[in-house]
Structures are given as C-alpha cells and as structure tokens.
Amino acid sequence: MRLPILMLAVFLCGNAYSQSRQTALDTLENRYQRCLSTGSNSYSCALVYYKQLDSLLYSTLQRLYSQIEPNKLHSLQTEQGAWEEKKDAYFRKIDERVEKMHKSTMNGLDDDMISTDNKAAYVKDRVTALLDMEI
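Conventions we followed
- Starting afresh in each chain, residues are numbered from 1 along the sequence in its written order.
- With the structure being a predicted model, the display of local features is reserved for residues of pLDDT at least 70 and the display and counting of side-chain atom pairs for 80 or more, all residues being used for whole-chain, interface and lining totals.
- Excluded from the side-chain calculations are hydrogens and water; all other atoms, namely the structure's heavy atoms, are used.
- Sulfur atoms of two cysteines make up a disulfide when they are within 2.5 Å.
- Secondary structure elements are taken from DSSP: a helix is a run of H or I of four residues or more, a strand is a run of E of two residues or more, and numbering for both begins at the N terminus.
- A 1.4 Å probe rolled over the protein chains alone gives each residue an accessible area, and that area as a share of the maximum for its type sets the label: buried under 20%, exposed over 50%, partly exposed in between.
- Aromatic rings from Phe, Tyr and Trp, taking only the six-membered ring of Trp, are treated as a pair when their centres fall within 6.5 Å; an angle between ring planes under 30 degrees marks them as stacked, one over 60 as edge-to-face, and anything in between as tilted.

If you check an unreviewed UniProt entry, the chain appears there as DUF1311 domain-containing protein from Chitinophaga fulva.

Participant: Help me understand the state of the cysteines in this model?
Facilitator: What we call a disulfide is simply a covalent bond connecting the sulfur atoms of a pair of cysteines. Per the stated rule, a full pass over the model turns up one disulfide. The disulfide partner of Cys 35 is Cys 45, and the S-S distance across this bridge is 1.8 Å. Of note, the bridge from Cys 35 to Cys 45 carries an S-S torsion of about -70° and is left-handed in sense. On the criterion of sequence distance, the pair formed by Cys 35 in helix H2 (residues 14-37) and Cys 45 in helix H3 (residues 42-67) is long-range, its members being ten residues apart. On the basis of relative accessibility, which here comes to 30%, the residue Cys 35 falls in the partly exposed class.

Participant: Help me out: how do you make sense of the packing of aromatic side chains in this one?
Facilitator: Each aromatic ring pair is characterised by the separation of its centres together with the angle its planes make. Within the structure shown, the criterion is met by six aromatic pairs. Where Phe 91 meets Tyr 122, the ring centres are 6.1 Å apart and the plane angle is 70°; that geometry is what we call edge-to-face. Of this pair, Phe 91 sits in helix H4 (residues 70-102) while Tyr 122 is found in helix H5 (residues 110-133), placing the two residues 31 residues apart along the sequence. Ring pairs connect the aromatic residues Tyr 50, Trp 83, Tyr 90, Phe 91 and Tyr 122, which therefore count as one cluster.

Structure representation (structure tokens):
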C-alpha cells in the first residue's frame, strides 16, 4: 500500500522526480565504486555502469520529452541531437585510441575498462545536465 502512494507522489511532483533520478544516479555511482573496490573484473563493472547510465539517460529524456512545454521541445531535441553527434565522435576517438594502444600496452581488458569508464563519465555528465533542466 505504501509503495503505490509513494510512486504516485513521485510522479505528481517534478522536483521529487528529479531528486529520485539524482538518487538513482548516486546509487549507480556508489555501486560502481563498490564493484571497482573488489579489485577484480573492473571491465565488467565499467560495462554494467555504462549500460545503466545509458538506460537512465534514455528514461530521463523520455520523461523530459513528454513533460516539456511544446515551445521548448524542439530546442531540447536539437540540443540532444548535437550532443549525440559529439558523443559519437568522442566515442570513435576513444575506440581508435584503445585499438592503437592494444598493440603496445597492457594485456587483458584494462584498456577497454578505461575506455568504458570514460564513455560512462561522458553519459553521466549528460544525465546530470538533463536533471538540472528538470524543475
């Protein structure tokens, strides 16, 4: 009984929703840091973290698109499209660097872990920016 009431309150209040997204973001970050602190399988930790952030980005965008004033929707869509282009270019550059480094650096998945961590940080910055837009 308490859970449906809590969920209703969160959906009715945009500020509470934004705070819950920030809490989700903080929770993801804490889980990631705990996973890394085990000292094993860092690449898997980074990959899970990246995928979770990407999912949070998608759901945050969907909520913004559905709730934003119509006159601001086009601006947000344009901004998001520009961010996606920058993201794709940045990710290509990271992937190219990792490919070159594989030949001369550490064995294993260390380079991939660092690459995935950098990608996750890029997505996290966007999620944070979108959460700051929500009022």
